[in-house]
Amino acid sequence: MTTVAVKPATMAQALTRAMRDAMAADPAVHVLGEDVGTLGGVFRVTDGLAKEFGEDRCTDTPLAEAGILGTAVGMAMYGLRPVVEMQFDAFAYPAFEQLLSHVAKMRNRTRGAMPLPITIRVPYGGGIGGVEHHSDSSEAYYMATPGLHVVTPATVADAYGLLRAAIASDDPVVFLEPKRLYWSKDSWNPEQPQHVDPIGRAVVRRSGRSATLITYGPSVPVCLEAAEAARAEGWDLEVVDLRSLVPFDDETVCASVRRTGRAVVVHESTGFGGPGGEIASRVTERCFHHLEAPVLRVAGFDIPYPPPMLERHHLPGVDRILDAVARLQWEAES
Amino acid sequence: MTVMEQRGAYRPTPPPAWQPRTDPAPLLPDAEPYRVLGTETAAKADPELLRTLYAQLVRGRRYNAQATALTKQGRLAVYPSSTGQEACEVAAALALEERDWLFPSYRDTLAAVARGVDPVEALTLLRGDWHTGYDPYEHRVAPLCTPLATQLPHAVGLAHAARLKGDDVVALAMVGDGGTSEGDFHEALNFAAVWQAPVVFLVQNNGFAISVPLAKQTAAPTLAHKAVGYGVPGRLVDGNDAAAVHEVLTDAVRRARAGGGPTLVEAVTYRVDAHTNADDATRYRTDDEVETWRAHDPIRLLERELTDRGLLDEAAIQAARDDAETMAADLRARMNADAELDPMDLFAHVYAEPTPQLREQQAQLRAELAAGQEGAHR
Ligand SMILES: Cc1ncc(C[n+]2csc(CCOP(=O)(O)OP(=O)(O)O)c2C)c(N)n1
């Protein structure tokens, strides 16, 4: 048996590999979107797929998001498993009618007769210096739509495992790809059969005793950094990476909060009406008697995504997380 | 003088990869809607086909009347009648082969029924007991679609997928005149043209989008003209002439099946009833207008043609009416039976497996039902 060196790989490479393996395993898997073919996508995530599988399997579509998703619906009706790329977060909005009225509801409308196994890949979030309309975090809209699964990886291995699971799912999955982690590297062995993760499980990325940081996607590395920094202050923080926003893993999250008694939800998207409100409320309902302090939120400000030169003031960073952690000493304050 | 010959006309140099269109089908529709009934062409039509169309029209008209009556009895929440448009509905169903797919809008119940969908199951959307009553795969009829024009890209995707799989399946997508203003209409036509997908688009131009007349919907000379910009042939047909609609649709379906790509057919027709039973049509149109169109009724046109040529006698007319009456009686009887609904179905088809969150809610409702409560309506 030859052992293959475990080399660093980027999240983008793992995503490409996931699509490639899925396409090789199942001829029903088709990739479509703007520039996904010859160019390999503006982030090169579909690099090489058109060459390997042909333009019928990895298709450059006309420039029309509703059309891309709408035709994917018809393709799925006929037994294909479309993997659709929305070029950037805010450019998925023209497709919302198809997403909300049809993709999310077709199984329900037809009493289970017509499930739609569509994966919708959406590069999302800020921190890459993108201009207007290139940095939105739209997860709350997707979460608020019954019928969709909403998934977001934070590690290279999860990018592979969760994307394979998304493509294999018989339900539509909105697969949110944290743009700013595309080039993050992990030790990862692309030659070994890869682990496919079930959708709907959170993981404890770092265990700790004094409080839980509940987070996902691009904010996971920030929380891990904050947890390291907090040690100097005597805080031993646990970091839970949700990985799946729908379904939500109450079990893992609540088990952690019951252990630590304190929690902060961290994400980039707006706080008001954002995912953090839902999460804090779920945790409070289930863990009230274990809580030593209210569940706090560290989120983006309630503003349209700011211009790149100001985004660092908007994005939740280590300091803001540490401030929130300090506020968890509730009794001392009140 | 063509546009390109005009002085100062935009005259781009074609890029190196530019290919001229080779499809011989003309893009521009004829100036007048195509007609068969009452013309020389009618003699060439297959008498058996005409008789089938006739029987289906009579049945469709009766279905519309029965469904409208059911709204008055409170058995249907609402019914968008297609009275006056039966020729389009019936021809749509009959132009397709069994393996083809139909993508109807909310008004196209009749097309679905003519294609084989159970008349009661076709009404569950409007009755309110479920969104889609039938299995779309059984007769290859997509769910009746309420958001305007959104079913059109589905038809394109399905036809494209079928072709990729090597199946010679055609999709026929139906939309109203108002629906042609939606972005999805544009995107569907463009995708279909670029992919040369085997799709036929049928626009039923019935004069109104609820209250808004065509002139306020578009400045195009006809809706069939819209095809030109996509590189798709546009066809204009008299939508009340069942033989003409059937011929034009059958041609378009054949062309699509042979790899000729999509066609946009505009059928000029008229909505004789109001938009739905809940609408007051006197606010936006005159009785005179309606009467003019009644004179051009699809059943009358076909009946005249058939009787003039000795292809239909009183007995055959009566037989068609009796058949329609039997269908209506059966529909009435079955619709008057109360639907049996299982509240637990609320959670059954949201995901393949209910999420933990839905399981909790399921347990809550089950407990409420066990306690004899009527859910939130207590
Ligand atoms: C996206 C969308 N907007 C608005 C409506 C509400 N609506 C239902 S029918 C209708 C008019 C449609 O007219 P047309 O497309 O001409 O079809 P017709 O009803 O005449 O068959 C409108 C505005 C809708 N169903 N979908």
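- As annotated in an unreviewed UniProt entry, chain B carries the name 3-methyl-2-oxobutanoate dehydrogenase (Lipoamide) E1-alpha chain and is attributed to Streptomyces glaucescens.
- Per UniProt, chain B has the following entry under Cofactor (unreviewed entry): "thiamine diphosphate".

- Taking an unreviewed UniProt entry as the reference, chain A is identified by name as 3-methyl-2-oxobutanoate dehydrogenase (2-methylpropanoyl-transferring) belonging to Streptomyces glaucescens.
- Looking at chain A in UniProt, the text filed under Cofactor (unreviewed entry) is "thiamine diphosphate".

Things to note about the domain arrangement of chain B
Okay, so step 1: Segmenting chain B into domains produces domain 1 (26–210 + 217–335) and domain 2 (343–377).
Okay, so step 2: In this structure, domain 1 of chain B and domain 2 of chain B have C-alpha centres spaced 39 Å apart.

Considerations on the site of the ligand
Residues and elements named next belong to chain B.
Okay, so step 1: Around the ligand sit 15 residues, and of these Tyr-106, Arg-107, Gly-178, Gly-179 and Phe-208 come closest.
Okay, so step 2: Contact between the ligand and Asp-177: an oxygen atom at 2.9 Å from a side-chain N or O atom of the residue.
Okay, so step 3: In the shell around the ligand, the residues fall into six nonpolar, six polar and three charged.

Some thoughts on the packing of aromatic side chains
Residue and element names in this part refer to chain A.
Okay, so step 1: Applying the stated rule across the entire model yields 15 aromatic pairs over all chains.
Okay, so step 2: For the pair Phe-96 and Tyr-142, a centre-to-centre distance of 5.4 Å together with 55° between the ring planes defines the contact as tilted. Taken as a pair, Phe-96 in helix H4 (residues 96–103) and Tyr-142 in helix H6 (residues 139–143) lie far apart in primary sequence, 46 residues in all. No difference in accessibility class separates Phe-96 from Tyr-142, as the two residues are buried.

Brief notes about a negative patch on the surface
Residue and element names in this part refer to chain A.
Okay, so step 1: The grouping of Asp-35, Glu-55, Asp-56 and Asp-60 at the surface amounts to a negative patch.
Okay, so step 2: Take Asp-56: it is sitting in the loop between helix H2 (49–53) and strand E3 (58–60).
Okay, so step 3: Of the residues examined, Asp-56 reaches a relative accessible area of 48% and is grouped as partly exposed.

Side note on the interface of chain A and chain B
How big an interface is tends to be expressed through the accessible area that disappears when the partners come together.
Okay, so step 1: Contacts between the two partners involve 45 residues from chain A, matched on the other side by 43 residues from chain B.
Okay, so step 2: Where chain A abuts chain B, roughly 3600 Å² becomes buried across the two surfaces, and 62% of that area is made up of carbon and sulfur atoms.
Okay, so step 3: Across the chain A-chain B interface, the total number found is two salt bridges.
Okay, so step 4: One salt bridge in this structure joins Arg-286 of chain A and Glu-360 of chain B, with 3.0 Å as the shortest N-O distance.
Okay, so step 5: The interface formed by chain A and chain B includes 19 residue pairs in polar contact (both at pLDDT 80 or more).
Okay, so step 6: Elements represented by at least two residues in the side of chain A that touches chain B include exactly strand E2 (29–33), helix H3 (65–77), H4, helix H5 (106–109) and helix H10 (275–287) of chain A.

Thresholds, definitions, all that
The numbers attached to residues start from 1 for each chain and follow its sequence in the written order. Following the order in which they are written, the chains are lettered starting with A and the ligands numbered starting with 1. Side-chain atom pairs in this predicted model are given and counted only at pLDDT of 80 or more, local residue features only at pLDDT of at least 70, and totals for whole chains, interfaces and linings cover all residues. Only hydrogens and water are removed before side-chain values are computed, so all heavy atoms of the structure are retained for them. UniProt positions are given in the numbering used here, feature names are shortened, and annotations may be inferred rather than shown by experiment. Reported domain spans reflect what an automatic or database domain assignment gives. Whether a residue is near a molecule or strand is decided by its heavy atoms; if any one of them lies within 4 Å of it, the residue is near. Counted as a polar contact is a pair of N or O atoms within 3.5 Å, where, for protein atoms, one must be capable of donating a hydrogen and the other of accepting one, and residues adjacent in sequence contribute only when both atoms are in side chains. Under the scheme applied, nonpolar residues are Ala, Val, Leu, Ile, Met, Phe, Trp, Tyr, Cys and Pro; charged residues are Asp, Glu, Lys and Arg; polar residues are all the others, including Gly. A pair of aromatic rings is counted whenever rings of Phe, Tyr or Trp (Trp by its six-membered ring) have centres within 6.5 Å, and the orientation is called stacked for planes under 30 degrees apart, edge-to-face for over 60 and tilted otherwise. Helix and strand assignments follow DSSP, with helices taken as H or I runs no shorter than four residues and strands as E runs no shorter than two, numbered in order from the N terminus. Three labels apply to residues, based on accessible area from a 1.4 Å probe with only protein chains included: buried if under 20% of the type maximum, exposed if over 50%, partly exposed otherwise in between. To count toward a patch, a residue needs a relative accessible area above 30% and no salt bridge. Like charges then connect within 9 Å, nonpolar side chains (Val, Leu, Ile, Met, Phe, Trp, Tyr) within 5 Å. For the accessible areas, the method is Shrake-Rupley and the probe is 1.4 Å, while residue cover comes only from the protein chains on display. The rule for a salt bridge is simple: a side-chain nitrogen of Lys or Arg has to be within 4 Å of a carboxyl oxygen of Asp or Glu. His residues and chain termini do not enter the charge count, which takes Lys and Arg as positive and Asp and Glu as negative. Think of each charge as sitting on NZ of Lys, CZ of Arg, CG of Asp or CD of Glu. Only heavy atoms matter for contacts: two residues are in contact if any of them lie within 4.5 Å across the pair. Summed over both partners, the accessible surface that disappears when two parts come together, traced with a 1.4 Å probe, is what is meant by buried area.

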